[in-house]
Amino acid sequence: MMNSFFLFLLVGLLFSKDYVKPTKIDRKKKWKGEGTTPNLESIVIGRCYEYIRIVNPSVGEKNCTEIWEAFKKAFINKDPCNILPSDYELFINLSLHTIPPNKSLFWENNHLLVTSYSDRTRRHMPLCDTLIGSFGDFLNWCGQANDTGFNYDSCPTTEKCENNAVESFWKIASITYAKQSAGVIYIMLNGSAIGGAYPVKGFFADYEVPYFQKDRISRIEIWVMDDIGGPDLDSCGRGSVQILEERLKTMGYDITCIDNYKSVLLLKCLDYLNHSDCSIIS
């Protein structure tokens with residue numbers, strides 16, 4: 001009699017309009033940003049060995065597997081919105097190497113141009129061409145609290161939370177790079193960038209310029225490069241470039257500024273040989 005009662009009650013619940021079917025709980029929170037780059041481990045370990053064997057063997061022997069584990073430890077199994085720059089300290093210490101004097105190249109809004117011009121440390125060594133920078137260049141990653149894996153579906157954006165895995169990585173990488181830079185320092189800016197060649201809030205302004213070491217730097221040279229066919233929105237001595245020039249002078253640096261530095265312009269014009277902006281090189 002009792003069993004029949006419970007069976008009747010169960011059937012009633014199943015057909016009731018108030019019954020809500022249980023749903024599977026997704027442990028990985030859905031963010032608006034791109035998820036972890038597939039094959040991340042293979043990519044960064046491969047980049048590490050390529051760097052120490054081919055790109056810049058002068059850095060000496062490095063344990064790429066150990067460096068990868070230190071990198072991963074910084075954000076795996078943690079709240080993806082609570083990753084601090086200090087979480088990467090072990091990774092930084094293991095992958096640190098010397099940056100030759102007169103080789104540092106800082107930039108804003110010119111990533112692809114900088115990597116092309118630097119030619120994998122042959123001309124210059126921007127942050128992305130250091131061992132530290134090679135671990136993150138053009139990649140994305142994040143983990144999840146109480147989960148030892150990566151979140152390949154989505155990662156938090158900086159707009160959602162500033163202390164995410166990628167943002168904190170580039171903060172400490174930028175600070176480290178700025179502190180190591182010596183001799184003549186080069187800065188490449190985009191004179192056609194909407195909002196100004198020198199963003200007064202950004203990685204360069206906030207995490208590189210303040211960490212320049214005055215006793216290690218002889219002078220600073222700024223190159224303001226306009227896009228081929230693009231507008232000339234900023235240039236030496238005006239706009240946001242002038243703000244940067246005044247900031248560096250106030251800090252006690254000897255600076256030079258060049259509009260459309262010819263060596264870089266030659267590279268840009270390879271794809272626009274017949275454009276009027278490139279007539280200067282003919």
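Details of the structure are given in the entry above.
Residues numbered from 1 in each chain as written. Predicted model: local features only at pLDDT ≥ 70, side-chain atom pairs only at ≥ 80, totals over all residues. Heavy atoms only, no water.

K.L.:
Hey, could you run me through the overall build of the protein chain in this one?
P.N.:
A tally of regular secondary structure across the protein chain gives 10 helices and 6 strands. By residue count, 47% of the 282 residues in the protein chain fall in the buried class. Of the contacts made within the protein chain by residues no fewer than 6 positions apart, 77% connect residues no fewer than 24 positions apart. (Helix = DSSP H or I, 4+ residues; strand = E, 2+ residues; numbered from the N terminus. Buried < 20%, exposed > 50% of the residue type's maximum accessible area, 1.4 Å probe, protein only. Contact = heavy atoms within 4.5 Å.)

K.L.:
What exactly am I supposed to notice about empty space enclosed by the protein here?
P.N.:
Counting across every chain of the model gives 1 cavity of 30 Å³ or more. Lining the largest cavity are Ser95, His97, Ile99, Leu127, Thr130, Ile132, Ala173, Thr176, Tyr177 and Gln180. Top element by residues in the lining of the largest cavity is helix 7 (residues 165–180). It accounts for 4 residues. Counted by class, the lining of the largest cavity contains 5 nonpolar, 5 polar and no charged residues. (1 Å grid on protein atoms, 1.4 Å probe; cavity = no way out; pocket = protein on both sides within 12 Å on 5 of 7 lines; lining within 4 Å. Points joined across faces, edges and corners; volume = space filled by probe spheres on them. Nonpolar A, V, L, I, M, F, W, Y, C, P; charged D, E, K, R; others polar.)

K.L.:
How do you make sense of the pairing of strand 5 (residues 217–225) when you look at a structure like this?
P.N.:
When a strand is regular, its side chains alternate between the sheet's two faces. Burial analysis of strand 5 places 7 of its 9 residues in the buried class, which makes it a mostly covered element. The pairing of strand 4 (residues 183–190) with strand 5 spans 8 bridges and is classified as parallel. Of the residues in strand 5, the one forming a bridge with Gly183 is Ile217. Here 5 bridges tie strand 5 to strand 6 (residues 255–259), and the two strands are oriented parallel to one another. Counted as the bridge partner of Val224 is Asp259 from strand 6. Following the backbone out of strand 5, through helix 9 (residues 239–250) and into the adjacent parallel strand 6, one traces a crossover that is right-handed. (Pairing = 2+ DSSP bridges. Right-handed = clockwise from strand over helix to strand, strands pointing away.)

K.L.:
Sorry, what's going on with the packing of helix 2 (residues 40–55) against helix 3 (residues 64–73) here?
P.N.:
Geometry of a packed helix pair, given as the angle between the helix axes and the separation of the axes. The interhelical angle for the contact between helix 2 and helix 3, taken along N-to-C directions, is 135°, at an axis separation of 9 Å. On the basis of their axis angle, the class for helix 2 and helix 3 is oblique. As for how helix 2 packs across helix 3, the hand of that crossing is right-handed. Residues Leu40, Glu41, Val44, Ile45, Cys48, Tyr49 and Ile52 of helix 2 touch helix 3, and the partners they reach there are Cys64, Thr65, Ile67, Trp68 and Phe71. Split into classes, the residues belonging to the contact of helix 2 with helix 3 amount to 10 nonpolar, 1 polar and 1 charged. (Axes fitted to C-alpha atoms, helices over the stretch in contact; angles between N-to-C directions. Parallel < 35°, antiparallel > 145°, perpendicular 65-115°, else oblique. Left-handed = near helix turned anticlockwise from the far one by under 90°.)

The values are spatial; any link to function lies outside them.
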